[in-house]
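Here is how the chains run, residue by residue.
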Amino acid sequence: MKFFVFIVLIAAVSARSPPEPSVIAETLGKCVADTEVSPEVLKKIQEHDLNFDDAKGFCFEKCLCRGLGVCDEKFKLTTGPFTDHPKVPQEKIAEFLPKCNELTSENECEMVHMRFKCLFEKIPEVREFKALSPPKATAEE
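Scoring rules and cut-offs
- Residues numbered from 1 in each chain as written.
- Predicted model: local features only at pLDDT ≥ 70, side-chain atom pairs only at ≥ 80, totals over all residues.
- Heavy atoms only, no water.
- Helix = DSSP H or I, 4+ residues; strand = E, 2+ residues; numbered from the N terminus.
- Expected span 1.5 Å × (residues − 1).
- Buried < 20%, exposed > 50% of the residue type's maximum accessible area, 1.4 Å probe, protein only.
- Arc of directions from axis to C-beta.
- Axes fitted to C-alpha atoms, helices over the stretch in contact; angles between N-to-C directions.
- Parallel < 35°, antiparallel > 145°, perpendicular 65-115°, else oblique.
- Left-handed = near helix turned anticlockwise from the far one by under 90°.
- Contact = heavy atoms within 4.5 Å.
- Nonpolar A, V, L, I, M, F, W, Y, C, P; charged D, E, K, R; others polar.

Asks: When you look at helix α1 (residues 21-35) in this model, what are you seeing that I'm missing?
Replies: Since one α-helical turn is 3.6 residues long, residues separated by three or four positions face the same way. The terminal C-alpha atoms of α1, which comprises 15 residues, lie 21 Å apart, in line with the 21 Å expected from a rise of 1.5 Å per residue. All buried positions along α1 are accounted for by Ile24, Thr27, Leu28, Cys31, Val32 and Thr35. Looking straight down α1, one finds that the buried residues subtend no more than 130° of arc, so they occupy a single side. In α1, the exposed positions angled more than 90 degrees off the buried face are occupied by Ser22, Glu26 and Ala33.

This is the structure in structure tokens:
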């Protein structure tokens, strides 16, 4: 598959330096190749629609999360991507991010998905304003 990558910087809303576009593109390509996520699920993730039940999609989220530094080594979501976002209430991040990070599963991919889904449900502004946007990609054979 050949992928055309249109970059939406995941850390553009972060207080730290965002990853270089080449790092984002490389991480995206690696995660797509490693997980074989379908273009349909990839599009849902890009649009912050986590209402899917797809193991490859869950593992793509885990790969992207870790690869771009949105998760720590234990796959807990970090505050970096949400810091100083003008439309995301910081008090909600402080309240709900730790609660969402308490969700666990024996399957790390599923656990990352559960944590993202929790965050999007508890803090709709994250989803509404795309405060955490994975790079956009479309697949072509």
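Asks: Explanation requested: the environment of valine 88 in the structure shown.
Replies: Along the chain, the position of valine 88 falls in the loop between α3 (55-67) and α4 (90-101). For valine 88, a relative accessible area of 3% translates into the label buried.

Asks: Explanation requested: the packing of α4 against helix α5 (residues 108-122) in the structure shown.
Replies: Axes are the key here: two packed helices are described by the angle between their axes and the distance separating the axes. Orientation of α4 relative to α5, taken along the N-to-C sense of each, is 155°, at an axis distance of 9 Å. Classed by the angle they form, the pair α4 and α5 counts as roughly antiparallel. Handedness of the α4/α5 crossing: right-handed. Here Phe96, Leu97, Cys100 and Asn101 of α4 come into contact with α5, specifically with Arg115, Cys118, Leu119 and Lys122. Classifying every residue of the contact of α4 with α5 by side-chain character gives 5 nonpolar, 1 polar and 2 charged.

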